[in-house]
Amino acid sequence: MDSIRFVTHYGMHFLVPAVIAYLFFKNNWKKVWLLFILTMLVDLDHLIATPLFDATRCSINFHPLHSYYAILLYTLFLFPLKTRIIAIGLLFHMLTDYIDCFWIT
């Protein structure tokens, strides 16, 4: 079951954003996919957690950049055109981590 969780989680972090970029941003899909991947930097907040990694911990509302307040801010980033792609990447990242919380036993 752990291998299915791993493939699902990282597939949603790397492969699904490529599909989204290709389907919705055909002319610039590689650039958009790169921006989506760069939103993974939001996981830097994991570095201040103790322990650094815990497979039984849900990231949502535990790490500062995964908090409900941060998610609200990412939602507001959808409105300005200049931040929309970053917002989509951040919100999809949060959705991926939220789905991962269901695997925790």
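Note that the coordinates shown come from a computational prediction; the quantities given were computed from them, not determined experimentally.

A short note on the environment of Phe 92
Part 1: When you line up the elements, Phe 92 lands in helix α4 (residues 84-101).
Part 2: In this structure, the C-alpha to C-alpha distance between Phe 92 and His 13, residues 79 residues apart in sequence, is 8.2 Å.
Part 3: If near-sequence neighbours (up to four positions away) are discounted, Phe 92 is found in contact with Met 12, Val 16, Pro 17 and Ile 20.

Points about the pattern of salt bridges
Part 1: A full pass over the atoms with the stated rule returns one salt bridge.
Part 2: For Asp 100, the salt bridge identified is with Arg 5, shortest N-O distance 3.0 Å. Here Asp 100 is found in helix α4, whereas its partner Arg 5 is found in helix α1 (residues 2-24), with 95 residues between them in sequence. No difference in accessibility class separates Asp 100 from Arg 5, as the two residues are buried.

Brief notes about the state of the cysteines
Think of a disulfide as a covalent bridge from one cysteine sulfur atom to another cysteine sulfur atom.
Part 1: The tally for this structure, following the rule as stated, stands at one disulfide.
Part 2: The disulfide bridge from Cys 58 ends at Cys 101, spanning 1.8 Å between sulfur atoms. Classification of the bridge connecting Cys 58 and Cys 101 rests on its S-S torsion, roughly 70°, and on that basis the disulfide is right-handed. With Cys 58 in the loop between α2 (29-38) and α3 (68-76) and Cys 101 in helix α4, the pair connects residues that are 43 residues apart, well separated along the chain.
Part 3: In this structure Cys 101 comes out as buried when scored by relative accessible area, which is 17%.

What counts as what
Sequence order sets the numbering: in each chain, residues are counted from 1 along the sequence as written. Selection of residues for local features in this predicted model requires a pLDDT of at least 70, selection of side-chain atom pairs for listing and counting requires 80 or more, and totals for whole chains, interfaces and linings are taken over all residues. Side-chain measures here rest on the full set of heavy atoms in the structure, leaving out hydrogens and waters. Strands are runs of DSSP state E lasting at least 2 residues, helices are runs of H or I lasting at least 4, and numbering of each runs from the N terminus. Any two residues having at least one pair of non-hydrogen atoms within 4.5 Å are treated as being in contact. By convention in these notes, a salt bridge is any Lys or Arg side-chain nitrogen within 4 Å of a carboxyl oxygen on Asp or Glu. Under the scheme applied here, a residue whose accessible area is under 20% of the maximum for its type counts as buried, over 50% as exposed, and between as partly exposed, the area being computed with a 1.4 Å probe on protein chains only. Note on disulfides: each one is a pair of cysteine sulfur atoms within 2.5 Å.

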